[in-house]
Amino acid sequence: MRKVLSFVLVLTLVLSSFSMAFAADSTSAGLSDINGNANEDAIQVAYDLEIVTGNPDGTFLPEKSVNRAEFAAMVTRALDIPDSALAGYTTTSFKDTAGYTWAVPYLAFCQSKGILLGDGEGNVMPGRTVTVNEAMTMALRAVGFTANSSLLVGVWPANYVSIAQNNDLYDDVAKDTTVNKASAAQIIYNLLTVQKVAVNTDGTTDKLWTGDKKDEVQNLLNSNLGCEANEDEILGTSGFGYDDAIINITKNLGAYGTAYLNDDDEVVAFTKDSVALTGKLSDNQKEFEVGDIDYDISDSDNDFATDPAYFVNGDLDKTDSNEIKIAEIASYAAINADDGETVTLNVDLSGKTIKDIYSVVAWKATDKDLADSDVQEDITDKELLALDFDTDDDDNIDMKSFELVGVASLDKIAKDDVLYVYESDDDDVIRKVGVGTETLEGTVDEIDYNDKETEAETITINEKDYDVSANATDDAKKVDVDDDGIFYLDYNGEVYDYDGSSSSDTYGIVRAYTPEGTENFKVKMYTSEDSTKTYTFNDDAKDIDWTSESVATVSAIVTGAMIGYSLDSNGEIDEIDNTAVPYNKAATDREVKISSSKVLVINSTSYTIDSDCVVLTYDNDVKKPDDVAAPGDLETGWIATGSAVKVIFNDDKDVIALYVDNDYASAKDDAIYGVINSRTTAKNGDGDTVYKYKGFIDGTAFTYLTDDEKANAPSSPYFGVYGFELDSDDAITDPIEDLTDAKYVKDKESGYIAKDAVITDLNSDKTIITVGTDKFTVEDDAVVYKYDIDEKEFTTAKLSSLRKKYTVSLFDTKGDDADGVADVVIYYED
């Protein structure tokens, strides 16, 4: 079943409130057109229960209108009336059923039970689109509210509308006059947990219960659909966990109540007798604070009666405690909660008093980031932020194995959405995904700092207060008053990241300048945009805080200095936003090393090179700037003595601008490399017998015919990479170089060769591969191939596919210019 569906039924006719979760099967056939529909969950449940049907082509047509005969059939199926019983309803007194022979058993059954009365003149109008009021009336009559019930006050339809509202039958039903298939499924779904009643001849209406002690509400779920009830259970504990359920338990994790089991002892539904409160324990440990509401803890000085369950990220985390003290909730939250204090308690609640605690549930993001442009490709690969989704028997993402918050479906996640991904420790799969889709553009008006007065805790943007998430980036935590730009909110509505509109991606090298104090202070720079531009500081230059930590002093603006800057609308410099860090090495120093296109090492400290880093180069022969490059163009190695290196860092100490000798920023060679799956003999267009090669070059499939019997390639796939030549027409000539033995990535210092190596660790974007204690760098645009051992065949893959314990070989295809950075990766799973 596909997703958990949960809702709270506030029943005026029931002695206590409860909620119910139901399951939809992710492996159900058909229904290809309901993804993203507002009533998707209800449709899937009703379809799995065979209450609604699909079409032969696999569609459901959720917007298609439903007529009265069709809805009568749905109600009858919801009552689980067997075909043998319907066989007795072959005729009906309704006189307008011509053309609806298929519907006569359903119409007759509904007529006999008082579910369908017609117009009083013998007509049932089977082909007329059913109205919402008619559908609600038929549904309520199906659970016993027949026309003579004393609870039906007033005239139709108001009498039935009132009871339908009290029983939440209108929840998620489209506000239309008539009913389509999606709304019909929703009405039926809402009906499943409505308490059944019996109406006596005098109109007295009695609620129906199971058992003599009235210990359980009788509804369609248990009295018609044959579910077995297990009372006093906690969802997520032994016997009622992910592996024991075909519902998504995450949304109701830790709830106390009744589990409904099918014939295979699988949990298919769960009715809650507990209330979930999400908040934090007060400082005096006598209240649980949920927003502006304080709930009193009745037994705050003693142990509670139950043995509560503790959950973290979907895992049952703590089971050895026989008692719980209030103070333990605070310490538990401090370790396991996202913000160190907010948890969910499933409780026995009386008014605003917590009488008992059944479970404590905490969520702590395993990883968090802004979604990149490849996010949907990652989801196709069944992962998010390099963490894995659980899969079903068909190797699709198991939608019941995790909770999705913030968007309706995974395909709605887009670039720059804030992602919080929560992974379980027990089985290393995703249990929850929180997606923040909202951004704000504005100015910080006010900041409320944390106790240490070092980080923003609440910021006022455009005169509205926003909490800063405990997961927030340093950019968000370190904002200042008057900072303006874009603020990214997480799924809780808290600020996660900040992108300052004044932050510059424009950098330059000072070529000439007028001294400090001179009127109309000017600088002439070589920049990433214009190598000859002369810039003037605007009239507010005197307001620039030249002595702040993030701004170079004006005296640092000298010939050869590197600065980041932004321009106002007049094209004048209005802000300098970073400090250049020069490294001018003596002849014996070895201070700076380009370890890879992602890592710069300065004095043995490694710094990440931002993917958007601006690389400015200079010609050491003529001693002046000459080009603009990109991180991918960087050549690795120690910077030669006598070469100046200038660096600009952002607040996270990532390299965002680099000035380097052009010897270290030359474009990579144009050689092409690939893998060969097979070499067979075939006939060419002239009928000659030739060799036929098939495989991939630079990740693209190729087929190549040649009559060279000495072509350098195996007759069957081989775990190696081959170099290829192109002719003047860009057609492939013979494979020219077998790199299998000669060109594995080799770290020049350790001598380690990454050949058939088992991965022991990976960084988040899979560009740093650890084998044992050795780390290897992989280009972020490396070509990746997966080798299928059984099929003896290569297929293309992505870096994100790599996992710990995979066997991997890394290749550097730059020949004599090998720099220890892999640009071709082959892996296989043992």
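Parameters at a glance
Residues numbered from 1 in each chain as written. Predicted model: local features only at pLDDT ≥ 70, side-chain atom pairs only at ≥ 80, totals over all residues. Heavy atoms only, no water. pLDDT = per-residue confidence, 0-100. Helix = DSSP H or I, 4+ residues; strand = E, 2+ residues; numbered from the N terminus. Contact = heavy atoms within 4.5 Å. Buried < 20%, exposed > 50% of the residue type's maximum accessible area, 1.4 Å probe, protein only. Phe/Tyr/Trp six-rings, centres within 6.5 Å; stacked < 30°, edge-to-face > 60°. Lys NZ or Arg CZ within 6 Å of the ring centre and 35° of its normal. Salt bridge = Lys/Arg side-chain N within 4 Å of Asp/Glu carboxyl O.

## Regarding the confidence of the model for the protein
Per-chain confidence: the protein averages 79 in pLDDT, with 79% of residues scoring 70 or above. Here strand β1 (residues 4-9) is the element of the protein with the lowest mean pLDDT, 29, and helix α5 (residues 132-142) is the one with the highest, 97. Counting contacts from residues 1-29, a segment whose pLDDT is below 50, to residues more than four positions away or on other chains yields 119 contacts. In the model, residues 736-752 has pLDDT below 50 throughout and makes 59 contacts with residues more than four positions away in sequence or in other chains.

## What to know about helix α6 (residues 158-166)
Among the residues of α6, Asn-159, Tyr-160, Val-161, Ile-163 and Ala-164 are the ones counted as buried. Contact partners of the buried residues in α6: α5. Of the residues trailing α6, Asp-168 is marked for its positive phi of about 60°.

## Concerning the packing of aromatic side chains
Scanning the model with the defined rule gives 14 aromatic pairs in all. Where Tyr-787 meets Phe-794, the ring centres are 4.8 Å apart and the plane angle is 55°; that geometry is what we call tilted. By relative accessible area, which is 1% here, Phe-794 ends up buried. Within the aromatic cluster, the residues linked to one another by ring pairs are Tyr-420, Tyr-491 and Tyr-496. Looking at Lys-432, its charged tip hangs above the ring of Tyr-422, at a distance of 5.4 Å from the centre.

## As for the pattern of salt bridges
All chains considered together, the criterion is met by 14 salt bridges. Salt-bridge contacts for Glu-70 lead to Lys-64; the nearest nitrogen and oxygen are separated by 3.9 Å. Accessibility expressed as a relative area gives 24% for Glu-70, which makes it partly exposed. The shortest N-O distance in the salt bridge between Lys-415 and Asp-416 comes to 3.5 Å. Asp-416 gets classed as partly exposed once you look at its relative accessible area, which sits at 29%.

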